[in-house]
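Residue-level structure breakdown
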Amino acid sequence: MTARPTTPAALTSLEAMERAGLTDPADRAMLAQVAESFRVRISPAMAGTAAEGVRAQFRPDARELQIRPEELADPIGDDAHRPVPGLTHRYPDRAILHATQACEVYCRFCFRRETVGSAGALSEAEFRQVLDYLRATPAVREVIFTGGDPLVLSARRLGGMLDRLQALGTLDLVRFHSRVPVVAPERVTEALAGVLDRALPVWMVVHVNHPEEITEAAAAALRRLTRAGVPLLSQTVLLRGINADPEVLEALFRKLLRHRVKPYYLHHPDLAKGTGHFRLTLEEGQAILAALRGRLTGIAQPTYVLDIPGGHGKVPVGPVWLRRAGEGWIVTDPQGSEHPYRDL
Ligand SMILES: *Cc1c(COP(=O)(O)O)cnc(C)c1O
Ligand code: SF4
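Here is what the cut-offs are and how they apply
- Residues numbered from 1 in each chain as written.
- Chains lettered and ligands numbered in written order.
- Predicted model: local features only at pLDDT ≥ 70, side-chain atom pairs only at ≥ 80, totals over all residues.
- Heavy atoms only, no water.
- Helix = DSSP H or I, 4+ residues; strand = E, 2+ residues; numbered from the N terminus.
- Rg over C-alpha atoms; globule rule 2.2 N^0.38 Å.
- Contact = heavy atoms within 4.5 Å.
- Areas by Shrake-Rupley, 256 points an atom, 1.4 Å probe, with all protein chains shown as cover.
- Lys, Arg positive; Asp, Glu negative; His and termini not counted.
- Charge placed at Lys NZ, Arg CZ, Asp CG, Glu CD.
- Phe/Tyr/Trp six-rings, centres within 6.5 Å; stacked < 30°, edge-to-face > 60°.
- Buried < 20%, exposed > 50% of the residue type's maximum accessible area, 1.4 Å probe, protein only.
- Near = heavy atom within 4 Å.
- Polar contact = N/O pair within 3.5 Å; in protein donor to acceptor, adjacent residues only side chain to side chain.
- 1 Å grid on protein atoms, 1.4 Å probe; cavity = no way out; pocket = protein on both sides within 12 Å on 5 of 7 lines; lining within 4 Å.
- Sits in = over half its atoms within 2 Å of the grid points.
- Nonpolar A, V, L, I, M, F, W, Y, C, P; charged D, E, K, R; others polar.
- Pairing = 2+ DSSP bridges.
- Axes fitted to C-alpha atoms, helices over the stretch in contact; angles between N-to-C directions.

The secondary structure content of the chain amounts to 11 helices and 12 strands. In terms of C-alpha radius of gyration, the chain reaches 21 Å, essentially the compact-globule figure of 20 Å for 344 residues. Structurally, the chain occupies a C-alpha span of about 60 × 55 × 40 Å along its principal axes. Counted over contacts in the chain with a minimum sequence separation of 6, partners at least 24 positions apart contribute 74%. Surface exposure of the chain reaches about 15500 Å², of which carbon and sulfur atoms provide 53%. Here the chain contributes 42 positively and 40 negatively charged side chains, and the mean placements of these two sets differ by 4 Å.

Right, let's talk about the packing of aromatic side chains for a bit. By the definition in use, this model includes three aromatic pairs. Ring plane angle 85 degrees and centroid distance 5.8 Å describe the contact between Phe109 and Phe278, whose orientation is recorded as edge-to-face. In this pair, Phe109 sits in the loop between strand 2 (94–98) and helix 5 (124–136) while Phe278 sits in the loop between strand 7 (261–267) and helix 11 (282–295), placing the two residues 169 residues apart along the sequence. Here Phe109 matches Phe278 in class, with each residue buried.

Here we take up the environment of Gln335. Along the chain, the position of Gln335 falls in the loop between strand 11 (328–332) and strand 12 (338–341). Separated by 218 residues in sequence, Gln335 and Gly117 place their C-alpha atoms 46 Å apart.

Every residue close to ligand 1 is listed here: Thr88, Arg90, Tyr91, Arg94, Ile96, Ile144, Arg175, Tyr264, Tyr265 and Lys314. Taking Tyr265, its side chain carries an N or O atom lying 2.5 Å from an oxygen atom of ligand 1. Surface burial for ligand 1 is 92%, taken as the share of its 380 Å² of free accessible area covered by protein chains. Among the cavities detected, the one that contains ligand 1 is the largest pocket. The set of elements that each furnish at least two residues to the shell around ligand 1 consists of strand 1 (87–91), strand 2 and strand 7. Per-element tally for the shell around ligand 1: the top contributor is strand 1, with three residues. Residues that form the shell around ligand 1 fall into these classes: five nonpolar, one polar and four charged.

Strand order in this open sheet of three strands is 10-11-12, and the pairing throughout is antiparallel. In the strand order of this sheet, the two ends are held by strand 10 (322–325) and strand 12, each with one partner. Ignoring strand direction, the axes of neighbouring strands in this sheet form an average angle of 30 degrees. Pairing of strand 10 with strand 11, which is carried by four bridges, proceeds in the antiparallel orientation. Bridging from a neighbouring strand, Leu322 pairs with Val331 of strand 11.

Taken together, Cys103, Val105, Tyr106, Cys107, Cys110, Val116, Gly148, Arg179 and His207 are the residues near ligand 2. Of all the cavities here, the one that holds ligand 2 is the largest pocket. For the shell around ligand 2, the per-class residue count stands at six nonpolar, two polar and one charged.

Moving on: the pairing of strand 5 (residues 202–207). Buried residues dominate strand 5, accounting for five of its six residues. With five bridges connecting them, strand 4 (residues 173–178) and strand 5 associate as parallel partners. Within strand 5, the position partnered with Phe176 by the bridge is Met204. Of the pairings in the sheet, the one linking strand 5 to strand 6 (residues 232–237) comprises four bridges and is parallel in character. Pairing of Val205 across the sheet is with Leu233, part of strand 6.

Most peptide bonds adopt trans geometry, and most residues besides glycine take a negative phi value. Cis peptide bonds are those with omega within 30 degrees of zero, and the linkage from Gly147 to Gly148 qualifies with 5 degrees. Between Gly318 and Pro319 the backbone carries a cis peptide bond, its omega angle lying at 5 degrees. As for its placement among the helices and strands, Pro319 is situated in the loop between strand 9 (314–316) and strand 10. Here Arg260, not a glycine, exhibits a phi torsion of approximately 65 degrees, which is positive.

Shown next, in the form of structure tokens:
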């Protein structure tokens with residue numbers, strides 16, 4: 001591996017990744033096949049990090065060519081609940097807006113890896129259809145900007161969209177799910193923060209998987225957001241070889257709290273094509289979560305969730321601290337001891 005570059009640029013080709021010491025020229029032919037199936041890009045901020053737990057999330061890998069029978073092209077069923085282009089409406093009170101398909105980085109485990117990077121941003125005509133649908137469906141009280149990564153759009157474009165959503169008068173809040181504050185913190189400008197600081201509350205869920213992703217520049221971006229009154233939550237994908245370890249997750253969650261981010265979801269990895277090498281079993285995931293329960297402040301505990309393959313929704317998957325025993329229950333404490341409990 002070479003030393004970190006002094007002025008990192010985005011890495012968008014295998015040649016650039018080889019020069020950065022991320023991939024081996026001997027693997028070029030195989031990785032070219034990977035890059036044909038799944039886009040490659042590493043943002044300048046992430047190209048400049050030396051941490052293996054970060055690099056391995058973005059570096060193309062020959063194991064991605066192993067497609068397993070259970071792996072699905074649309075693992076969470078986004079396409080099954082699409083009333084108008086660009087909108088996924090699965091739960092009554094909230095809907096997902098796919099504002100763009102582009103990202104600053106293409107994560108090797110992404111559950112939308114078959115669609116990210118393909119078409120461009122939502123067109124004006126499509127956005128108008130989305131607004132019409134929302135106007136006709138006031139049960140939707142929350143619009144969730146996702147993608148791709150919605151924060152690759154300009155502050156001006158996002159501001160325009162937020163103004164029109166706010167004008168509907170039917171929304172309680174808007175939520176962004178984004179990896180940008182961490183992987184491309186320079187995009188979180190004062191202008192962007194200004195656009196998010198508005199009467200309609202904007203919440204943000206930052207996608208972050210490893211403590212080393214939170215660089216000084218990322219910390220400054222998070223600060224710009226909290227100063228603009230944006231409550232920050234995090235989502236993390238549990239990944240074998242990256243963060244599937246209580247020590248790494250503890251470090252990540254503690255660091256997030258220091259930057260005013262509340263850990264929200266820890267996702268069991270989805271059945272995305274060519275991602276088997278990142279997956280662990282549910283039982284392994286539960287054991288990691290159980291180890292965190294006793295030793296980490298309650299506000300750093302995320303909910304461990306599985307997006308049920310086929311578009312059946314997200315549910316918490318444990319660990320379970322409670323089981324039936326005769327008329328009552330047996331409750332397990334964080335140290336593993338069991339205690340009886342009886343309802344009235
Ligand atoms: C994950 C998801 C949401 C948001 O779910 P929360 O549990 O509110 O975070 C909304 N719609 C769809 C289709 C989703 O997949
Ligand atoms: S930034 Fe998000 S949507 Fe884009 S590749 Fe990574 S996980 Fe997928």
